[in-house]
Amino acid sequence: MALVPCQVLRVAILLSYCSILCNYKAIEMPSHQTYGGSWKFLTFIDLVIQAVFFGICVLTDLSSLLTRGSGSQEQERQLKKLISLRDWMLAVLAFPVGIFVVAVFWIIYAYDREMIYPKLLDNFIPGWLNHGMHTTVLPFILIEMRTSHHAYPSRSSGLAAICTFSVGYILWFRSRELRKRGTPEPSLMD
């Protein structure tokens, strides 16, 4: 049995994420009609991150195939930028956010399902879609890391970027909660 080339695997993973996103967005859930819609859920943001990351992987593979043997230094320079973006996105967003979503979801689900995924959601979200959002991220990202070489950013710049993403999400989430309650933001003088 021949191994599936990583380029074909990346296309399959990208298509699966696009399918999961389309199916999730097609669901009529009351929470999608409130402030932030689907974007308030870290799971949805992670799915978008994964889809964009694997889209960049596919674009990198296509660019690599098209520039192979061309001898154009400009094309080679652009390809290196694309590869750097791919590697940065894996190290800073796709891996840490993906692993966080999978681990936290299943740990809380095992502890108290109602806290993170109430049984009511089974009426809206089929089981296969739940696993597509909360399980497949882990094997897909591990397959990517195992099948391709990646050059990672420095620890300090990677930590700064993921901390910026995390603080931004928390601040946005906090502002959403304050709006929902109608509570005015506390001033610095309080």
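Thresholds, definitions, all that
Residues numbered from 1 in each chain as written. Predicted model: local features only at pLDDT ≥ 70, side-chain atom pairs only at ≥ 80, totals over all residues. Heavy atoms only, no water. Helix = DSSP H or I, 4+ residues; strand = E, 2+ residues; numbered from the N terminus. Buried < 20%, exposed > 50% of the residue type's maximum accessible area, 1.4 Å probe, protein only. Areas by Shrake-Rupley, 256 points an atom, 1.4 Å probe, with all protein chains shown as cover. Contact = heavy atoms within 4.5 Å. Polar contact = N/O pair within 3.5 Å; in protein donor to acceptor, adjacent residues only side chain to side chain. UniProt positions renumbered as here; feature names shortened; annotations may be inferred. Disulfide = S-S within 2.5 Å. Core = buried A, V, L, I, M, F, W, Y, C linked by side-chain atoms within 4.5 Å. Salt bridge = Lys/Arg side-chain N within 4 Å of Asp/Glu carboxyl O. Arc of directions from axis to C-beta. pLDDT = per-residue confidence, 0-100.

In the nomenclature of an unreviewed UniProt entry, the protein chain corresponds to Androgen induced 1 from the organism Monodon monoceros.

### A few points about the overall build of the protein chain
Assigned secondary structure in the protein chain consists of seven helices and zero strands. Overall, the protein chain shows an N-to-C arrangement of helices and strands of α-α-α-α-α-α-α. When the 190 residues of the protein chain are sorted by exposure, 35% land in the buried category. Roughly 11700 Å² of accessible area belongs to the protein chain as shown, and the carbon and sulfur atoms make up 68% of that amount.

### Regarding the environment of Arg113
Along the chain, Arg113 turns up in helix α4 (residues 113-116). For Arg113, the residues in contact, after removing those within four places along its chain, are Ile108, Pro118, Lys119 and Asp122. A distance of 2.6 Å separates polar atoms of two side chains, one belonging to Arg113 and the other to Asp122.

### What about the UniProt feature "transmembrane region" (unreviewed entry) in the protein chain?
In this numbering, the UniProt entry assigns the feature "transmembrane region" (unreviewed entry) to residues 42-67, 88-111 and 156-173. Along residues 42-67, the helical share is 100% and the strand share 0%, with 37 Å between the first and last C-alpha atoms. Across residues 156-173 one finds 100% helix and 0% strand; the C-alpha atoms that close the span lie 25 Å apart.

### Concerning the state of the cysteines
Summed over all chains, the structure comprises zero disulfides. Looking at Cys6, it has no disulfide partner, and the nearest cysteine sulfur is the one in Cys57, 9.1 Å off. Looking at Cys22, it has no disulfide partner, and the nearest cysteine sulfur is the one in Cys18, 6.5 Å off. Classification of Cys22 by relative accessible area gives exposed; the value is 55%.

### A look at the nonpolar core
Residues Tyr17, Tyr24, Ile49, Phe53, Phe54, Val97 and Ile125 are the most contacted members of the largest nonpolar core, which totals 40 residues. If you list the elements that add at least two residues to this core, you get α1 (6-26), α2 (42-67), α3 (73-111), α5 (127-134), α6 (137-147) and α7 (155-181). Sorting elements by how many residues they give to this core places α2 first, with eleven residues. The residues contacting Val97, other than those within four sequence positions of it, are Leu42, Asp46, Ile49, Ile162 and Phe165.

### Comments concerning the side chain of Ser148
Counting through the fold element by element, Ser148 comes out in the loop between α6 and α7. Among the polar contacts listed, one links the side chain of Ser148 to the side chain of Arg10, at a separation of 2.4 Å.

### Looking at the environment of Gln50
Here Gln50 shows up in helix α2. In this structure Gln50 comes out as buried when scored by relative accessible area, which is 0%. Put simply, Gln50 and Phe95 are 45 residues apart on the chain and 8.8 Å apart in space, counted from C-alpha to C-alpha. Not counting residues within four places of it along the chain, the set of residues in contact with Gln50 comprises Tyr17, Ala94, Gly98, Val137 and Ile141.

### A few points about the pattern of salt bridges
Within the structure shown, the criterion is met by five salt bridges. When the shortest N-O distance is used, the salt bridge between Arg10 and Asp61 registers 2.6 Å. Pair noted here: Arg10 is in helix α1 and Asp61 is in helix α2, with a separation of 51 residues, a long-range link.

### Observations concerning α6
Buried within α6 are the following residues: Val137, Phe140, Ile141 and Glu144. Along the axis of α6, the buried residues cluster in a sector spanning 95°; they form a single face. Packed against the buried residues of α6 are α1, α2, α3 and α5.

### Some details on the confidence of the model for the protein chain
For the protein chain, mean pLDDT is 86; residues scoring 70 or higher make up 89% of the total. Least confident of the elements in the protein chain is α7, whose mean pLDDT is 86; most confident is α3, at 94. Scored below 50 in pLDDT, residues 185-190 shows two contacts in the model against residues more than four places distant or in partner chains.

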